[in-house]
Amino acid sequence: MPLLIWSDDYCIGIPELDAQHEQLLVILNRLYDSISGERVSRIVSDAIDELNSYTGTHFSAEEAYMQEIGYGHAESHIAEHDCFRTNVNDLARLSENDRSKISNDLIEFLWEWLLNHILVVDRKLAA
Ligand SMILES: [Fe+2]
Ligand SMILES: [Fe+2]
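About the thresholds
Residues numbered from 1 in each chain as written. Chains lettered and ligands numbered in written order. Predicted model: local features only at pLDDT ≥ 70, side-chain atom pairs only at ≥ 80, totals over all residues. Heavy atoms only, no water. Helix = DSSP H or I, 4+ residues; strand = E, 2+ residues; numbered from the N terminus. Buried < 20%, exposed > 50% of the residue type's maximum accessible area, 1.4 Å probe, protein only. Contact = heavy atoms within 4.5 Å. Core = buried A, V, L, I, M, F, W, Y, C linked by side-chain atoms within 4.5 Å. Phe/Tyr/Trp six-rings, centres within 6.5 Å; stacked < 30°, edge-to-face > 60°. Axes fitted to C-alpha atoms, helices over the stretch in contact; angles between N-to-C directions. Parallel < 35°, antiparallel > 145°, perpendicular 65-115°, else oblique. Nonpolar A, V, L, I, M, F, W, Y, C, P; charged D, E, K, R; others polar. Salt bridge = Lys/Arg side-chain N within 4 Å of Asp/Glu carboxyl O.

Draft legend 1. Structural context of the environment of Leu 91. By the secondary structure assignment, Leu 91 is in helix H3 (residues 74–94). Note on Leu 91: relative accessible area 10%, which makes it buried. Taking the C-alpha atoms as reference, Leu 91 lies 20 Å from Gln 23; in sequence the two are 68 residues apart. Setting aside its immediate chain neighbours within four residues, Leu 91 contacts Ile 48, Ile 102, Asp 105, Leu 106 and Phe 109.

Take a look at the structure:
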């Protein structure tokens, strides 16, 4: 069962960015489903790889959009993106020891990102 089902409530109103945000939910749900499974180790490392690729694509798209519109809060917004990148790298390093704990940490981290970044900071950018 998914942890979270995508709905219009999560949209910020820019279709390309909304589709990319929805992708993050897919990663989060897959990770959540994996917690109690035996495949947890493989799924956690796949999720970390996907998150690295995701941030490359999605953060670049958002940052290019900010530059295009001359966004005034770009610096603080990009600082949050950098923080996300650092956290994913830190979790990737830690995941070599305890993948099931990391799986919980990653879910908590992505959940908070959805609530505090996508629904607040990205929504402000879209507005
Ligand atoms: Fe975003
Ligand atoms: Fe963002």
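Draft legend 2. Focus on the nonpolar core. One finds Leu 24, Leu 31, Leu 51, Phe 84, Leu 106, Phe 109 and Leu 110 to be the most contacted residues of the largest nonpolar core, which totals 28 residues. For this core, the secondary-structure elements that each account for two or more residues are helix H1 (15–34), helix H2 (40–69), H3 and helix H4 (99–126). Here this core gets nine residues from one element, more than from any other, and that element is H4. Setting aside its immediate chain neighbours within four residues, Leu 24 contacts Leu 51, Tyr 54, Phe 84, Leu 110, Trp 113 and Ile 118.

Draft legend 3. Local environment of the packing of aromatic side chains. Scanning the model with the defined rule gives five aromatic pairs in all. Judged by centre distance (5.7 Å) and plane angle (45 degrees), the ring pair of Phe 59 and Trp 113 falls under tilted. With a gap of 54 residues between them, Phe 59 in helix H2 and Trp 113 in helix H4 connect regions that are remote in the sequence. By the burial criterion, Phe 59 is buried, and Trp 113 matches it. Linked through ring pairs, Phe 59, Phe 84, Phe 109 and Trp 113 together constitute an aromatic cluster.

Draft legend 4. Broad picture of the packing of H1 against H2. Where H1 meets H2, the axes come as close as 10 Å, and the angle between the chain directions of the two elements is 170 degrees. What the angle tells us is that H1 and H2 run roughly antiparallel. Listed contacts from H2 to Glu 16, Leu 17, Gln 20, His 21, Gln 23, Leu 24, Ile 27, Arg 30, Leu 31 and Ser 34 of H1 are Val 40, Ile 43, Val 44, Ala 47, Glu 50, Leu 51, Tyr 54, Thr 57, His 58, Ala 61 and Glu 62. Among the residues making up the contact of H1 with H2, the classes are represented as eleven nonpolar, six polar and four charged.

Draft legend 5. Molecular detail of the pattern of salt bridges. Tallied over the entire structure, the rule returns four salt bridges. The salt bridge partner of Glu 63 is Arg 85, with a shortest N-O separation of 3.6 Å. On the criterion of sequence distance, the pair formed by Glu 63 in helix H2 and Arg 85 in helix H3 is long-range, its members being 22 residues apart. By relative accessible area, Arg 85 is classed as partly exposed at 25%. For Asp 90, the salt bridge goes to Arg 93, with nearest N and O atoms at 2.6 Å. Of the two residues, Asp 90 and Arg 93 are both situated in helix H3; the distance of three residues between them amounts to about one turn of the helix.

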